[in-house]
Every structure is written in C-alpha cells, then in structure tokens.
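# Topology and contacts: notes
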Amino acid sequence: MELILWRHAEAEPHVPDRQGDQLRELTAKGARHASRVGAWLDRQLPAHCRILSSPAARCVQTAESLGRKFTTVEALNTDSTPQRILEAAGWPDNKHTVVVVGHQPLLGQVASLIFAGTAQDWKIRKASVFWIARKGEDDPAPFVRLAVGPDIVGKLR
C-alpha cells in the first residue's frame, strides 16, 4: 500500500466573527501551490487510486487541483484523530494507493503514528506531500517514498 498525505495549501486566516473554519478558502498563493503540486502529483499517481479529502473548503479546493474524482470524508476533518484517518484510508491493508488531503497537526500525527507508534506533532508544510509506502507482507516495514513541497515539485520531472 502507498499512502500519500497531502496537506491543504495556504488558506485565508480564520476570523471567528466572519466565517467558520470549515469555510476558509485558499489564498491566491495557496491556489497556485495546490495547482502546482496537483499537476505534479497527477503525473505520479497510478490511474486507479482513492482520493479522500476533508470536507473543509480549503481541502476540497486542494483536492480539486488534482483534477481527479475524490470523496469527502468526515473522518478527515479537523476534529478527527490519526487512528480514524488511518481507518478511513485502510492503512496498512488497502491494496490501492490512497491520497489523503487534510490538516495539520493531524497529518503529521498520522505519519508519526505509522513510523514511531505514537501520535506526535510532526510538521508537514502547507501544500506538501508526505508519501509513505509498504511493500507488503514479506516486508511490512513502512518507508518514506518522498516528502516534497510546492517549492520543489516544479523542479522534479
């Protein structure tokens, strides 16, 4: 299984008097970064993969930049847990690649739970991808396939 944790791109600041956190949209810079990473990621992903997004507007907009069908999943929202996110993705037994578009600190906690066995606040930067893979039952240890942000993907081919 391959699990791609993709943090949403830069969003408008949260202003409690104006709008709820779920309605925050990407900034112009965030939209550019999401587009850049989405185009690159689309070239890397297999044709058949599951793409899951938090229902928050900033995550939906980030997922849309991939240009593929995706599903919004409540278990990926800001009030979730790393365990619920892993369950939604089917880690580690899913046979397909799964992309999870979500939030910090949850995505960092998911990565640390996989590698360290405990949920710690590992940082994944805005619009960045943390790609985790497992070869299978013969070699079940997870490994980092790639960790990359929007500043680098334009240089990768």
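Located above this text is the structure these notes cover.
So, how was this worked out
- Residues numbered from 1 in each chain as written.
- Predicted model: local features only at pLDDT ≥ 70, side-chain atom pairs only at ≥ 80, totals over all residues.
- Heavy atoms only, no water.
- Helix = DSSP H or I, 4+ residues; strand = E, 2+ residues; numbered from the N terminus.
- Rg over C-alpha atoms; globule rule 2.2 N^0.38 Å.
- Contact = heavy atoms within 4.5 Å.
- Lys, Arg positive; Asp, Glu negative; His and termini not counted.
- Charge placed at Lys NZ, Arg CZ, Asp CG, Glu CD.
- 1 Å grid on protein atoms, 1.4 Å probe; cavity = no way out; pocket = protein on both sides within 12 Å on 5 of 7 lines; lining within 4 Å.
- Points joined across faces, edges and corners; volume = space filled by probe spheres on them.
- Nonpolar A, V, L, I, M, F, W, Y, C, P; charged D, E, K, R; others polar.
- Polar contact = N/O pair within 3.5 Å; in protein donor to acceptor, adjacent residues only side chain to side chain.

## With respect to the overall build of the protein chain
Along the backbone of the protein chain there are five helices and six strands. Mapped from its N terminus to its C terminus, the protein chain presents α and β elements in the order β-α-β-α-β-α-β-α-β-β-α. Relative to a compact globule of 157 residues, whose C-alpha radius of gyration would be 15 Å, the protein chain shows 15 Å and is just as compact. A principal-axis box enclosing the C-alpha atoms of the protein chain has dimensions of 50 × 35 × 25 Å. Once local pairs closer than 6 in sequence are excluded, the contacts in the protein chain between residues at least 24 apart make up 61%. Seen as two clouds, the 21 positive and the 17 negative side-chain charges of the protein chain have centres 8 Å apart.

## A short note on the layout of surface pockets
Space inside the largest pocket adds up to approximately 360 Å³. Looking at the largest pocket, it is lined by 16 residues, and the ones nearest its centre are Arg125, Lys126, Ser128, Pro150 and Asp151. Elements that contribute at least two residues to the lining of the largest pocket include exactly α1 (28-44), β5 (129-133), β6 (143-148) and α5 (150-153). Looking at the lining of the largest pocket residue by residue, the class counts come to six nonpolar, three polar and seven charged.

## Remarks on the side chain of Asn94
Within the secondary structure layout, Asn94 lies in the loop between α3 (82-89) and β4 (97-102). Within the structure, Asn94 has its side chain in polar contact with the backbone oxygen of Ala89 (distance 3.2 Å). Within the structure, Asn94 has its side chain in polar contact with the backbone nitrogen of His96 (distance 2.9 Å). Sequence-distant contacts of Asn94, defined by excluding residues within four places in its chain, comprise Met1, Arg50 and Ala89.

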